[in-house]
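Listed below are the residues making up each chain.
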Amino acid sequence: MKNYVILVDVNSDLSPELRKRFNIEYLKAHITTPGNIDRDGILDWDFTNENDFYTSLKKNKDAYKTAPASPEEYKNAFLKYINSGFDVLSISISTKLSGTYEFATMGRDLVLDENKNAKIFCVDSRKYSNGFGLLAIMAAMNRDKGMTIEENVAWLEANRNNVHQMGWLDDLSFVAAKGRISHPQAFFGQLIGIKPLADFSPDGLVTVLGKAKGEEKAFKAIIEYMKRTIINPEEQIILMAETNRKEKTLKFKELIEKEFHPKEIIINTVYPSCGINVGPGLMAAYYFGTPVSEELKEETKILSEILGN
């Protein structure tokens with residue numbers, strides 16, 4: 001069986017430690033920062049520190065912009081691995097959120113125009129940030145267990161709708177501005193004491209299922225929601241993400257450990273390429289569970305029961 005590379009884009013938010021541990025490659029993108037300065041979008045923290053980046057972002061929301069790697073950049077990345085004797089499994093952020101997947105497939109086609117025997121598969125994760133990263137980690141583990149590239153593609157397409165996000169984001173205006181949530185829902189994130197609780201839609205959009213008043217009620221609700229949607233937690237690696245919310249994320253981690261006893265919980269950051277579109281105030285867990293229903297009807301019903309609506 002020929003070995004293959006797993007290549008993700010920067011929106012997977014996989015840290016250098018996670019990429020090294022699971023042998024995952026990534027392709028950088030592009031960021032424009034205040035002052036109209038162009039920078040590489042990379043998965044190595046290239047700002048002074050997390051707090052400084054999110055403080056600046058909050059003050060200069062419209063001054064930060066992102067752009068994906070171009071088809072030519074994807075072509076060159078694919079050729080590097082193909083010429084080294086590897087096949088390539090490329091995984092991208094949801095097509096509902098970015099043109100990255102389209103550019104990846106265009107780059108693949110450019111390679112195939114010159115090399116008909118190259119084997120390159122492109123998969124739409126239908127997720128972003130740590131939900132996307134969790135899928136990539138599972139793909140790497142599948143590969144290490146001996147799964148072929150074709151089998152891994154089929155596994156990703158069969159399981160990408162089983163990834164959940166649960167937690168809250170204090171200010172939803174960032175994701176609303178980037179088309180990741182509706183503006184009326186964003187309003188909930190600006191009410192004092194209100195915690196909008198959200199999961200992924202089947203296309204990877206942030207969807208508010210309900211709102212809790214106060215942190216304690218919110219913590220109880222998200223743990224109960226996870227109870228009703230998670231599958232085999234003791235066999236899982238659960239990723240957790242935070243944007244300038246370390247203290248609350250650590251509390252959430254303790255609650256998950258106590259309730260579910262997963263194989264491992266990894267607190268991971270949200271790098272600038274995704275952070276620009278997420279904003280400060282995120283605290284969420286990412287895990288595998290029941291398939292997400294159409295329009296999140298079942299998930300909305302579950303949370304409504306939990307909140308007593």
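Before reading further, recall that the structure is shown in the block above.
Structural notes, computed from the coordinates. (Residues numbered from 1 in each chain as written. Predicted model: local features only at pLDDT ≥ 70, side-chain atom pairs only at ≥ 80, totals over all residues. Heavy atoms only, no water.)

### Concerning the overall build of the chain
- Counting its secondary structure elements, the chain contains 12 helices and 13 strands.
- By residue count, 56% of the 309 residues in the chain fall in the buried class.
- In the chain, the proportion of contacts linking residues at least 24 apart, taken out of those at least 6 apart, comes to 76%.
- As displayed, the chain offers around 13300 Å² of accessible surface, 49% of which is attributable to carbon and sulfur atoms. (Helix = DSSP H or I, 4+ residues; strand = E, 2+ residues; numbered from the N terminus. Buried < 20%, exposed > 50% of the residue type's maximum accessible area, 1.4 Å probe, protein only. Contact = heavy atoms within 4.5 Å. Areas by Shrake-Rupley, 256 points an atom, 1.4 Å probe, with all protein chains shown as cover.)

### What about the sheet that holds strand β7 (residues 120-124)?
- Reading across the sheet, the four strands line up as β2-β1-β6-β7 and stay open at both edges, with parallel pairing between neighbours. The sheet is open, and its two edges are formed by β2 (25-27) and β7, each paired on a single side. Pairs of neighbouring strands in the sheet enclose a mean axial angle of 25 degrees, with direction left out of account.
- Across five bridges, strand β6 (residues 87-92) lies against β7 in parallel orientation. Each bridged residue has a counterpart across the sheet, and for Leu 89 the counterpart in β7 is Phe 121.
- The sheet strands contacting helix α3 (residues 71-82) are β1 (4-9), β2, β6 and β7, and the helix crosses β6 at an angle near 145 degrees.
- Contacting β1, β6 and β7, helix α6 (residues 149-159) runs over the sheet at an angle of about 10 degrees to β6. (Pairing = 2+ DSSP bridges. Axes fitted to C-alpha atoms, helices over the stretch in contact; angles between N-to-C directions.)

### Let's talk about the side chain of Asn 11
- Within the secondary structure layout, Asn 11 lies in the loop between β1 and α1 (16-22).
- Setting aside residues no more than four positions away along its own chain, Asn 11 makes contact with Ile 93, Thr 100, Tyr 128, Ser 129, Phe 132, Ser 273 and Cys 274.

### Concerning unusual backbone geometry
- Even without being glycine, Asn 36 reaches a positive phi, approximately 60 degrees.
- Positionally, Asn 36 belongs in the loop between β3 (29-33) and β4 (37-41).
- Of note, the phi angle at His 261 is positive, near 50 degrees, even though the residue is not glycine.
- Among the structural elements, His 261 can be located in the loop between α10 (246-260) and β12 (264-269).

### What about the nonpolar core?
- Ile 6, Val 8, Ile 24, Leu 89 and Ile 91 are the most contacted members of the largest nonpolar core, which has 53 residues in total.
- It is helix α5 (residues 129-144) that provides the largest number of residues to this core, a total of nine residues.
- Residues in contact with Ile 24, not counting those within four places in the same chain, are Ile 6, Val 8, Leu 14, Arg 19, Ala 136, Ile 137 and Ala 140.
- By size, the runner-up hydrophobic cluster in this structure holds 27 residues, among which are Tyr 225, Met 283, Leu 303 and Leu 307. (Core = buried A, V, L, I, M, F, W, Y, C linked by side-chain atoms within 4.5 Å.)

### Brief notes about the environment of Glu 254
- Structurally, Glu 254 is set in helix α10.
- As for Glu 254 and Ile 265, which are separated by 11 residues in sequence, their C-alpha atoms are 9.7 Å apart.

### Description of the packing of α3 against helix α4 (residues 100-114)
- At a closest axis distance of 7 Å, the pairing of α3 and α4 adopts a crossing angle of 55 degrees. Here α3 lies oblique to α4, going by the angle between them. Between α3 and α4 lies a crossing of right-handed hand. Two secondary-structure elements touch here, α3 through Pro 71, Glu 72, Tyr 74, Lys 75, Phe 78 and Leu 79 and α4 through Thr 100, Phe 103, Ala 104, Met 106, Gly 107, Arg 108, Leu 110, Val 111 and Glu 114.
- Here the residues of the contact of α3 with α4 sort into nine nonpolar, two polar and four charged. (Parallel < 35°, antiparallel > 145°, perpendicular 65-115°, else oblique. Left-handed = near helix turned anticlockwise from the far one by under 90°. Nonpolar A, V, L, I, M, F, W, Y, C, P; charged D, E, K, R; others polar.)

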